[in-house]
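Geometric and topological summary
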Amino acid sequence: MNPLPTFFHPEQLAFKPRYEWAFGERIDHPETTARAESILAAVQADPMFSLRVPDELPPGAVQSVHSQPLMTLYHTATLLAPGETFYPTVFPKESQGRGDPTRLQHAGHWCFDAGTPLTHEALPAATWSAACALEAARILGRDGVALSYALSRPPGHHATRGLFGGYCYFNNAAIAARHLRRKRKRVAILDIDYHHGNGTQSLFYRDPSVLFVSIHADPTDAFPYFAGFPEESGAGRGLGYNMNLALPRGTDGAHYLRVLDDHVVPALVAFAPDALVLSAGLDTYHLDPVGDFELTTEDLHEVGRRLGRLRLPTAVIQEGGYYTPDLGLNATALLRGIAAGQR
Ligand SMILES: [Zn+2]
């Protein structure tokens, strides 16, 4: 078997969010560099993986997914002093569209939570994170590559066209999917992060050519709280091409795999995509300090094996996962599962 192309750029480690606001509490930020370092160490030690630096993002790749004011705001944030943290404080709701993205005081126009800081380093890190996702999509099909991995960090699935939040700046999975759409007829995005991929859902909600399936914690009491309910099934021509499977707190591997077998896999098979983008959050792990599911490393391997059996060209995009000691173990278990299923 050829080594599994894996994309990462060292500048992704320059971004170090220090704290976030969660319901009034200032807490240490879970989206640390140790996350990527744990996965990096595991893939470097494993001959199955071939670690590569992505090419720079071509012009237009981000613009295919995100609005110009959001881009301008990120550029404005690069003027912050290194190490400085900026959180929006004012969130206008009745004057949408009239913000000035060259003024950080207006940043609340393009932000939906208080967990996602703007810093000097956020834009370059998020840009390389997106570049990894684009490369993972681009390499599919080249020299028979059927599986690729973007070690994207910061993550992306909560970012919408015009809003950042949920530790996400650019929607990496959407950037990968848009690239594949240009090359192939049909793309499915499966989001297995503990949290609903509200950003990805919103980007493809009216698009019948991209199926979005998300299996996640019930948003009644889990982030992002305002999206991810089963009745959200698409709109317009996209009606029927959005599927949310909301699971209760404490969901274990057996329950999770049953839902995967009974609902997720049949939906993917019925859609018959030409390629799969997997938003791979690992915060379903039983030790995860943010998520509240009970999946083991073996369960994650099984999730991978079932998805691999679909035998679709698959770009795996890293999303969440916060129990850093085992992130490398879990990422490689998932990817080994997919590779084994594809054989
Ligand atoms: Zn998550």
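What counts, and at which threshold
- Residues numbered from 1 in each chain as written.
- Predicted model: local features only at pLDDT ≥ 70, side-chain atom pairs only at ≥ 80, totals over all residues.
- Helix = DSSP H or I, 4+ residues; strand = E, 2+ residues; numbered from the N terminus.
- Expected span 1.5 Å × (residues − 1).
- Buried ≥ 20, exposed ≤ 12 C-beta atoms within 10 Å, placed from the backbone.
- Contact = placed C-beta atoms within 7 Å.

Quick word on helix H8 (residues 327-342)
- The end-to-end C-alpha distance of H8 is 23 Å, a good match for the 22 Å that 16 residues give at a rise of 1.5 Å each.
- Of all the positions in H8, only Leu327, Gly328, Asn330, Ala331, Thr332, Ala333, Leu334, Leu335, Gly337, Ile338 and Gly341 are classed as buried.
- Those residues of H8 that are buried lie in contact with strand S1 (4-7), helix H1 (33-44), strand S5 (147-150), strand S9 (275-280), helix H7 (297-308) and strand S10 (314-318).

So, helix H3 (residues 122-139)
- Across its 18 residues, H3 extends 26 Å between first and last C-alpha, which sits within 8% of the 26 Å expected from 1.5 Å per residue.
- Counting buried positions along H3 gives 15 out of 18 residues, so the element sits mostly inside the fold.
- Backbone geometry just after H3 places glycine 141 at a positive phi near 90 degrees.

Description of unusual backbone geometry
- Backbone torsion omega between arginine 153 and proline 154 reads 5 degrees, so that peptide bond is classified as cis.
- Mapped onto the fold, proline 154 is located in the loop between S5 and helix H4 (172-183).
- Going from phenylalanine 223 to proline 224, the amide bond is cis rather than trans, its omega being 10 degrees.
- Position of proline 224 relative to the elements: it lies in the loop between strand S7 (210-217) and strand S8 (242-247).
- We note that tyrosine 225 has phi near 70 degrees; this positive angle belongs to a residue other than glycine.
- As for its placement among the helices and strands, tyrosine 225 is situated in the loop between S7 and S8.
- On the neighbour-count criterion, tyrosine 225 (13 C-beta atoms within 10 Å) is partly exposed.
- Even without being glycine, alanine 272 reaches a positive phi, approximately 50 degrees.
- Following the sequence through the fold, alanine 272 ends up in the loop between helix H6 (253-271) and S9.

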